[in-house]
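Chain by chain, the residues:
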Amino acid sequence: MKKLIVFYSFDGNTKLIAENIADEIGADLLELKPVKEITRNNFMKIFAGGKQAMTKAEPELLPFSIKPEDYDLIFIGTPVWAWTYAPALRTFFKQVKLVNKKIALFCCHGGRPRNFFEKFEEAVTGNTIVGKIEFKDPIRNQQDRDVQIARDWAKLIIGI
Ligand SMILES: Cc1cc2nc3c(=O)[nH]c(=O)nc-3n(C[C@H](O)[C@H](O)[C@H](O)COP(=O)(O)O)c2cc1C
């Protein structure tokens, strides 16, 4: 079974989880990178990114050579932005039509994800969701514990 982790990360939390899952189960990694990233200013980024997420913006992504269509099981990870997935993922879902895949969803958030997973699940209709998991700012909170939880979860998923 071919396994891929697709993710976007702005501050490194989702990247931490994505890289650990990939290492644990021997999956390929695809990091989505917008051509033009939002500001790094800690205060302004919430407005800039929040606006993009709320207006359903689809920022152009740097090209990638991996073909997600060729994989059987795809983990998709994102930070929660304005209670939904990051705009880079919106572009990804537009560019790549995933059907009949096994999909596992993961996210990092700051403690207020609200109905995030409803929207994330909607974006992958036509596939089978085999798992979902969330982490609260792992780098700042319980990094070692969350990394272990992510690794154990990924092992469980590949058994499904
Ligand atoms: C633009 C923006 C919007 C955010 N909106 C939310 C939100 O609606 N709910 C929440 O719990 N956290 C929110 N956060 C916090 C991030 O989801 C959280 O810090 C996450 O761990 C960041 O993941 P990353 O390090 O992979 O970028 C937001 C952060 C940014 C930058």
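Residues numbered from 1 in each chain as written. Predicted model: local features only at pLDDT ≥ 70, side-chain atom pairs only at ≥ 80, totals over all residues. Heavy atoms only, no water.

S.K.: What is the right way to look at the state of the cysteines in this model?
M.R.: In a disulfide, the sulfur atoms of two cysteines are covalently bonded to one another. Under the definition given, this model contains zero disulfides. The structure places no disulfide on cysteine 107, whose sulfur is separated from the nearest cysteine sulfur, that of cysteine 108, by 6.7 Å. Cysteine 107 sits in the buried class, given a relative accessible area of 0%. Since its relative accessible area comes to 3%, cysteine 108 is described here as buried. (Disulfide = S-S within 2.5 Å. Buried < 20%, exposed > 50% of the residue type's maximum accessible area, 1.4 Å probe, protein only.)

S.K.: Quick question: what am I supposed to make of the side chain of arginine 90 here?
M.R.: Relative to the assigned elements, arginine 90 resides in helix α3 (residues 87-95). No salt bridge is formed by the buried arginine 90. Its closest oppositely charged neighbour is glutamate 58, at 5.9 Å. Setting aside chain neighbours within four positions, we find arginine 90 in contact with Ala53, Lys56, Ala57, Glu58, Thr84 and Tyr85. (Helix = DSSP H or I, 4+ residues; strand = E, 2+ residues; numbered from the N terminus. Lys, Arg positive; Asp, Glu negative; His and termini not counted. Salt bridge = Lys/Arg side-chain N within 4 Å of Asp/Glu carboxyl O. Contact = heavy atoms within 4.5 Å.)

S.K.: Help me understand the side chain of lysine 101, please; the structure alone is not making it clear to me.
M.R.: Locating lysine 101 in the fold gives a position in the loop between α3 and β5 (102-109). In this structure, lysine 101 is buried with no salt-bridge partner, the nearest side chain bearing the opposite charge being aspartate 72 at 5.7 Å. Sequence-distant contacts of lysine 101, defined by excluding residues within four places in its chain, comprise Pro68, Glu69, Asp70, Tyr71, Asp72, Ile74, Asn127 and Thr128.

S.K.: I'm lost on the pairing of strand β6 (residues 128-136) in this one. Help?
M.R.: With eight bridges connecting them, β5 and β6 associate as parallel partners. The partner of cysteine 107 across the bridge, within β6, is glutamate 134. The parallel pair β5 and β6, bridged by helix α4 (residues 116-122), forms a crossover whose chirality is right-handed. (Pairing = 2+ DSSP bridges. Right-handed = clockwise from strand over helix to strand, strands pointing away.)

S.K.: Before we go on, may I ask you to explain the packing of aromatic side chains in this structure?
M.R.: Evaluated as defined, the whole model comprises 13 aromatic pairs. Taking 5.1 Å as the distance between ring centres and 45 degrees as the angle between the ring planes, the aromatic pair formed by phenylalanine 116 and phenylalanine 120 counts as tilted. You can see phenylalanine 116 and its partner phenylalanine 120 sitting in helix α4, four residues apart, about one turn around the helix. An identical accessibility class is assigned to phenylalanine 116 and phenylalanine 120; each is buried. Within the aromatic cluster, the residues linked to one another by ring pairs are Phe64, Tyr85, Phe92, Phe93, Phe116, Phe117 and Phe120. The residue whose ring lies beneath arginine 40 is phenylalanine 10, and the NZ or CZ to ring-centre distance is 3.8 Å. Seen from the ring of tryptophan 83, arginine 114 lies directly overhead, with NZ or CZ sitting 4.0 Å from the centre. (Phe/Tyr/Trp six-rings, centres within 6.5 Å; stacked < 30°, edge-to-face > 60°. Lys NZ or Arg CZ within 6 Å of the ring centre and 35° of its normal.)

Function cannot be inferred from these measures alone, as they are strictly geometric.
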